[in-house]
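Residue-level structure breakdown
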Amino acid sequence: MKKKMCRMLLGLATALVLTGCGVMQVMDGDGMVNENPVTVEEPDAAAAGTDAAAGDDAATAGTDTAAGDDAATAGTDAAGEKDAAGAETEAPAEEAEWAPDLTFSTYDVINDTDVDETIFQGHVITMVNFWEPWCGPCVGEMPDLEKLYEEMGSGSGDGNIIGVYGTEEDAAYVLEQVGTTYPVLRYVDEMNVLISDYVPNTVFFDGSGHIIYSDLADMDGFIFIGSRSHDDWKEILDTLYEQVK
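The rules behind the values
- Residues numbered from 1 in each chain as written.
- Predicted model: local features only at pLDDT ≥ 70, side-chain atom pairs only at ≥ 80, totals over all residues.
- Heavy atoms only, no water.
- Core = buried A, V, L, I, M, F, W, Y, C linked by side-chain atoms within 4.5 Å.
- Buried < 20%, exposed > 50% of the residue type's maximum accessible area, 1.4 Å probe, protein only.
- Helix = DSSP H or I, 4+ residues; strand = E, 2+ residues; numbered from the N terminus.
- Contact = heavy atoms within 4.5 Å.
- Phe/Tyr/Trp six-rings, centres within 6.5 Å; stacked < 30°, edge-to-face > 60°.
- Pairing = 2+ DSSP bridges.
- Right-handed = clockwise from strand over helix to strand, strands pointing away.
- Disulfide = S-S within 2.5 Å.

1. What about the nonpolar core?
Met127, Trp131, Tyr182, Phe204, Phe224, Trp233 and Leu240 are the most contacted members of the largest nonpolar core, which totals 24 residues. For this core, the elements supplying multiple residues, two or more each, are strand 5 (125–131), helix 3 (136–151), strand 6 (159–165), helix 4 (171–178) and helix 5 (230–244). When residues in this core are grouped by element, the largest group, five residues, is from helix 3. Leave out the neighbours within four places in its chain, and tryptophan 131 touches Cys138, Met142, Gly163, Val164, Tyr165, Gly166, Ala171, Val174, Leu175 and Val184. In this structure, Leu194, Val203, Ile211 and Ile223 belong to the second largest nonpolar core, which totals 18 residues.

Right under this line is the structure:
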């Protein structure tokens with residue numbers, strides 16, 4: 001027992017002496033010194049400082065890189081905002097506003113359909129002839145109007161003709177006898193601004209739904225009063241067409 005205690009004390013003393021010399025050894029479970037010493041060298045202060053500085057430089061470089069990335073991102077965002085702002089400043093082209101002089105809704109007895117002021121669209125000029133079935137001069141000029149309508153393309157060309165009547169009695173009979181194919185509308189109150197105290201009474205519109213004014217008119221600068229021949233109406237149509245085309 002005493003010998004074993006002595007051996008342990010001797011081993012401990014030896015370990016302390018070696019540790020003081022910069023050599024660390026690991027004792028096994030029996031108190032024996034491991035024959036494979038592990039040498040722990042003290043780090044060089046200068047080298048440690050250099051390594052620390054290198055670490056600092058790396059961190060700084062990382063910060064600078066991150067800052068560069070942020071700047072690039074900011075530039076991209078700014079460019080995106082600029083593009084967006086530029087796109088907003090480019091207003092889309094607007095179509096010409098439809099603002100006719102007359103708005104109405106009525107019925108076309110020839111084509112069996114509802115119509116409104118858009119009937120003027122698609123034509124350079126439209127002749128609107130107000131007539132009544134009991135009016136001799138009105139009925140007398142309707143064959144000439146039908147001929148003009150057909151010469152202008154039967155509603156598919158630059159010119160169009162529309163008839164308007166207010167008396168239902170005998171209207172269907174007259175239209176059948178004449179063989180009218182141009183649109184014939186039932187009169188509505190919104191058309192009061194277009195008539196005089198006489199029939200027939202004719203007014204002209206352009207493709208924008210605006211009344212065509214002319215020195216050739218008999219009343220208010222746009223109302224033509226009385227019936228006319230085919231050739232007289234054709235001359236008037238040609239003159240007004242040149243005026244508005």
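Additional details are given in the paragraphs that follow.
2. Quick look at the packing of aromatic side chains
Applying the stated criterion to the full structure yields nine aromatic pairs. Ring centres of phenylalanine 204 and phenylalanine 224 lie 5.3 Å apart, and the angle between their planes is 85 degrees; this geometry places the pair in the edge-to-face category. Note that phenylalanine 204 is positioned in strand 8 (residues 201–206) and phenylalanine 224 in strand 9 (residues 224–225), a separation of 20 residues in sequence. You can call phenylalanine 204 buried: its relative accessible area is 0%. The rings of Phe104, Phe120 and Phe205 are connected pair by pair, giving a single aromatic cluster.

3. Regarding the side chain of threonine 126
Its location among the elements puts threonine 126 in strand 5. Setting aside its immediate chain neighbours within four residues, threonine 126 contacts Phe120, Asn160, Ile162, Val203, Phe204 and Phe205.

4. Some thoughts on the pairing of strand 6
With seven of its seven residues buried, strand 6 lies for the most part within the structure. Covered by surrounding structure in strand 6 are Gly159, Ile161, Gly163 and Tyr165 together with Asn160, Ile162 and Val164, the residues of both alternating faces. Here strand 5 runs beside strand 6; their pairing, made up of seven bridges, is parallel. When the sheet's bridge partners are listed, valine 128 is paired in strand 6 with isoleucine 162. For the crossover from strand 5 across helix 3 to strand 6, the handedness is right-handed.

5. Description of the state of the cysteines
The tally for this structure, following the rule as stated, stands at one disulfide. The side chain of cysteine 135 participates in a disulfide bridge whose partner is cysteine 138; the two sulfur atoms lie 2.4 Å from each other. Every disulfide takes its handedness from the sign of the S-S torsion; for cysteine 135 and cysteine 138 that torsion is 80 degrees, giving right-handed. Relative accessible area serves as the criterion here: at 6%, cysteine 135 is assigned to the buried category.

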